[in-house]
Amino acid sequence: MTEPLPEHDVAMMKAIGRGDRQAFEQLYRQTSPRLYAVALRILRRQSWAEDVLHESFISVWNRAASYDPLLSSPLTWLTHIVRNRAIDWLRSAGGKAAEREDELVDFDGDGDSFAEPAEALQRSQEGEKLTACLDHLPTDQRQSIVLAYYQGMSHGEVSVYLQQPLGTVKSWIRRALDHLKDCVGL
């Protein structure tokens, strides 16, 4: 499946802003798998990611008329909505529910929460390699990476959390990503 042209996406957003349900359905079909993955990566719980995706699309329906193609592409705009909703969810009642519930995430999508033994072994070996690579990073770079990619914080939020200038945090993250890329072998 080829990526739709940005002009088509912008036209679709304008149609949604005018209340076109078919355009909204088409947008949902095109973008929901990618946006669900964003929510799942941040929330680590299927039910929460589904709720956040649902809330996000309600927001898109209500705010589509305010979309400005000069500021970002439709997919970027949608991703920001989902990401911000997911972070808000973690900070609010959804995050408190984690203390009561421990749900397995089905990354395979086939309904079976347990992967084949060979797949599980490969994932664990890749995870161990990544952990070893993270252990070789200086503390400030490791903290920045963990906060940005495992906790879903923006660079600005990491900067505030670590009480460091934004430029410094961005440099730490860039250097850490370069190191991890070399270490993991990508």
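Position numbers for residues count from 1 along each chain, tracking the sequence in the order it is written. Local features in this predicted model are restricted to residues whose pLDDT is 70 or higher, and side-chain atom pairs enter the listing and the counts only when it is 80 or higher, whereas totals over whole chains, interfaces and linings include all residues. Side-chain descriptors were evaluated using all non-hydrogen atoms of the structure, hydrogens and water having been removed beforehand.

Q: For this particular structure, what's the right way to read the confidence of the model for the chain?
A: Any residue range with low pLDDT should be treated as having predicted coordinates unsuitable for detailed reading. Confidence per residue, as judged by the predictor, is encoded in pLDDT with a range of 0 to 100. This prediction gives the chain a mean pLDDT of 80; 79% of its residues lie at or above 70. Each helix corresponds to a stretch of at least 4 residues labelled H or I by DSSP, and each strand to a stretch of at least 2 residues labelled E; elements are numbered beginning at the N terminus. When mean pLDDT is compared element by element in the chain, helix H3 (residues 46–63) scores highest at 92, while helix H5 (residues 93–97) scores lowest at 51. pLDDT under 50 marks residues 99–115. Its contacts with residues more than four places away, or in other chains, come to 24 contacts. Note on contacts: a residue pair qualifies if any of its non-hydrogen atoms lie within 4.5 Å across the two residues.

Q: Where do I start with the environment of leucine 134 in this structure?
A: With respect to the helices and strands, leucine 134 occurs in helix H6 (residues 117–135). Whether a residue is buried, partly exposed or exposed follows from its accessible area with a 1.4 Å probe, protein chains only, as a fraction of its type maximum: under 20%, in between, or over 50%, in that order. The exposure class assigned to leucine 134 is buried, which follows from its relative accessible area of 10%. Along the backbone, leucine 134 and cysteine 183 are 49 residues apart, and their C-alpha atoms lie at a distance of 9.1 Å. Every residue in contact with leucine 134, bar those within four places of it in the chain, is listed here: Arg142, Ile145, Tyr150 and Leu180.

Q: For this particular structure, what's the right way to read the nonpolar core?
A: In a soluble, globular protein the nonpolar side chains are often hidden away together inside. Residues Ile16, Leu27 and Leu43 are the most contacted members of the largest nonpolar core, which totals 29 residues. Examining the composition of this core, we find that nine residues originate from one element, helix H2 (residues 21–43), more than from any other. Here leucine 27 is in contact with Met12, Met13, Ile16, Ser32, Phe57, Val60 and Leu78, once residues within four sequence places are set aside. Residues grouped as a nonpolar core are buried Ala, Val, Leu, Ile, Met, Phe, Trp, Tyr and Cys residues, joined through side-chain atoms within 4.5 Å. Judged by nonpolar contacts, the second largest core, of 13 residues, contains Cys133, Leu147, Ala176 and Leu180.

Q: Could you clarify how one ought to interpret the packing of helix H7 (residues 139–150) against helix H9 (residues 166–184) in this entry?
A: A pair of packed helices is captured by two measures, namely the crossing angle of their axes and the spacing between those axes. Between H7 and H9, the shortest axis-to-axis distance is 8 Å and the interhelical angle comes to 90°. Overall, the two elements H7 and H9 adopt an arrangement that is roughly perpendicular. Across the interface between the two elements, Asp140, Gln141, Ser144, Ile145, Ala148 and Tyr149 of H7 pack against Val169, Trp172, Ile173, Arg175, Ala176, Leu177 and Leu180 of H9. Axis angles are defined between N-to-C directions and span 0 to 180 degrees, where every axis is a line fitted to C-alpha atoms and, for a helix, only to the segment in contact. Oblique is the label for any angle not covered by the other classes, which are roughly parallel (under 35 degrees), roughly antiparallel (over 145) and roughly perpendicular (65 to 115).

Q: Explain H3 here, please?
A: In an α-helix, one full turn covers 3.6 residues, which means residues spaced three or four apart are oriented alike. Between its first and last C-alpha, H3 extends 25 Å over 18 residues, near the 26 Å set by a 1.5 Å rise per residue. Of the residues making up H3, those classed as buried are Trp48, Ala49, Val52, Leu53, Ser56, Phe57, Ser59 and Val60. Down the axis of H3, the buried set is contained in an arc of 165°. They therefore lie on one face. Away from the buried face of H3 by more than 90 degrees, exposed residues His54 and Asn62 are located. To estimate the expected span of a helix, subtract one from its residue number and multiply by 1.5 Å. Relevant arc is that of directions from the helix axis to the C-beta atoms, nothing else.

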